[in-house]
Amino acid sequence: PVQDPGACRTLRADLLAPERPGRYRLEWEPVREGVAWYGPPASGARLVDLTIGPPRDAFAVLAAELPPLSAGLPAEARLVLLNTGAETWSPGHGLHVSYKWNDLALEGARTELPGETPPGEAVELAVRVAPPDLPGDHPLAWHLVREGEAWIPPERGGDALARVGPRALAWELR
């Protein structure tokens, strides 16, 4: 829409926060893409000081133990995760532990968090792992998953090269 000279219009802005928490100064200034910056506004707040807090969901993998894996045969891994985010992890609130087989573009099963884990605390948990059907070395990456919103990679740790052996013979007597 055309704006009349001297008229006032309120604009909505979506801002992408920096990845690192800290203090920032946001500077508003109009621009015509590829043409020019128009300079500071004649009135109103040009500079805004912001504090970016830690992300809601963030974590580090402190330890990860994968058992020997066989193609297509589920196994149980042990993880120790540190909550580095701003919120307490609570079971039943849409946040799960999962993994991706990066070379095969496969998502892993979701594992419920075992209990309340406040920021700064660690939790140990067992995670069911379903190896791919293809034997070989496969990169595996641990993630948190907020269903319908995001896959959250760890701030540190979390990548492993998993050796998947050939399909094991499995049988059961009834």
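Look above for the structure.
Predicted, not measured: the structure shown is a model, and the values here were computed from it.

Rules used in this analysis
Residues numbered from 1 in each chain as written. Predicted model: local features only at pLDDT ≥ 70, side-chain atom pairs only at ≥ 80, totals over all residues. Heavy atoms only, no water. Pairing = 2+ DSSP bridges. Helix = DSSP H or I, 4+ residues; strand = E, 2+ residues; numbered from the N terminus. Axes fitted to C-alpha atoms, helices over the stretch in contact; angles between N-to-C directions. Buried < 20%, exposed > 50% of the residue type's maximum accessible area, 1.4 Å probe, protein only. Salt bridge = Lys/Arg side-chain N within 4 Å of Asp/Glu carboxyl O.

*Asks:* Kindly report on the sheet that holds strand β11 (residues 122–129), identifying the contributing residues and their values.
*Replies:* Taken in spatial order, the three strands of this open sheet run β5-β7-β11, and their pairing is antiparallel. The sheet is open, and its two edges are formed by β5 (59–65) and β11, each paired on a single side. Ignoring strand direction, the axes of neighbouring strands in this sheet form an average angle of 30 degrees. Note: strand β7 (residues 75–83) against β11, eight bridges, orientation antiparallel. Looking across to β11, one finds that Leu 81 is bridged to Val 123.

*Asks:* Requested: an account of the pairing of strand β8 (residues 95–101), with residues and values cited.
*Replies:* Of all seven residues that make up β8, six are buried, and the element is covered over most of its length. Sheet topology note: the β8/strand β12 (residues 136–146) ladder contains seven bridges and is antiparallel. Its bridge partner lying in β12, Lys 100 is registered against Ala 141. Examined bridge by bridge, β8 and strand β9 (residues 106–107) share two bridges and lie antiparallel to one another. Within β9, the residue paired with Trp 101 across the bridge is Leu 106. Connecting β8 to the next strand, β9, in antiparallel fashion are four residues, including Ala 105 with a positive phi near 55 degrees.

*Asks:* Kindly report on the pattern of salt bridges, identifying the contributing residues and their values.
*Replies:* As enumerated under the stated definition, the model contains 10 salt bridges in all. One salt bridge in this structure joins Arg 25 and Asp 49, with 2.9 Å as the shortest N-O distance. With Arg 25 in strand β1 (residues 22–27) and Asp 49 in strand β4 (residues 47–52), this pair connects stretches of sequence that are 24 residues apart. The partner of Arg 110 in a salt bridge is Glu 107, and the shortest N-O contact between them spans 3.1 Å. In this structure Arg 110 comes out as partly exposed when scored by relative accessible area, which is 32%. Through salt bridges with shared partners, a single network forms among Arg 56, Asp 57, Arg 146 and Glu 149.

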